[in-house]
Amino acid sequence: NATGDQAEQADLDAMVTTMTRKSAREAEVVLQQGTENSKLYIIEVGTVQVLRDGEELASFGPGRFFGELELMYNAKCRATVKTTAECKFWIMDGKVYRRKAKKLHTEKRALYQELLQ
């Protein structure tokens, strides 16, 4: 419905206005295993590798994101994320991310309850 679409677009616009951009050089550590993290990173340009105890677990490129697990579970970084090329990131503050995730969870729950009635 149009009202729902407009509300969704307003939420998206509000989130985007809170995001910042950051550049990183090749071989730069963005997140360090065992440390605190308060941000969600979205890769715009470049690639990163994800390492745990020095062993590569994954490689991510544009459009992928990381840092959400630490935000959702209020936990320390379980892996190191290091750039493998020059990168540009969009960064969302953890408080904004948590607020949006909670709102989406509440909306999904209400939808399921409505469907079950």
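Conventions and cut-offs
Residues numbered from 1 in each chain as written. Predicted model: local features only at pLDDT ≥ 70, side-chain atom pairs only at ≥ 80, totals over all residues. Heavy atoms only, no water. Helix = DSSP H or I, 4+ residues; strand = E, 2+ residues; numbered from the N terminus. Buried < 20%, exposed > 50% of the residue type's maximum accessible area, 1.4 Å probe, protein only. Polar contact = N/O pair within 3.5 Å; in protein donor to acceptor, adjacent residues only side chain to side chain. Contact = heavy atoms within 4.5 Å.

A few words on the side chain of threonine 83. Along the chain, the position of threonine 83 falls in strand S7 (residues 80-83). Judged by relative accessible area, threonine 83 falls into the buried class, the value being 2%. Here arginine 25 takes part through its backbone oxygen, which lies 2.6 Å from a polar atom of the side chain of threonine 83. A polar contact of 2.9 Å, which involves the side chain of threonine 83, links it to the backbone nitrogen of alanine 27. In this structure, threonine 83 is in contact with Ala24, Arg25, Glu26, Ala27, Glu28, Val30, Thr47, Val48 and Phe89, ignoring residues within four places of it in sequence.

Now for the side chain of threonine 80. Residue placement: threonine 80 occurs in strand S7. In terms of polar contacts, threonine 80 uses its side chain to reach the side chain of glutamine 32, at 3.3 Å.

A separate point is unusual backbone geometry. If you check the backbone angles, aspartate 53 has positive phi at about 50° while not being a glycine. Within the secondary structure, aspartate 53 sits in the loop between strand S4 (48-52) and strand S5 (55-60). On the basis of relative accessible area, aspartate 53 is assigned to the exposed category, the value being 66%. A positive phi is found at asparagine 74, a non-glycine position, where the angle reads about 50°. By the element assignment, asparagine 74 lies in the loop between helix H2 (68-73) and S7. Exposure remark for asparagine 74: the relative accessible area of 65% places this residue in the exposed category.

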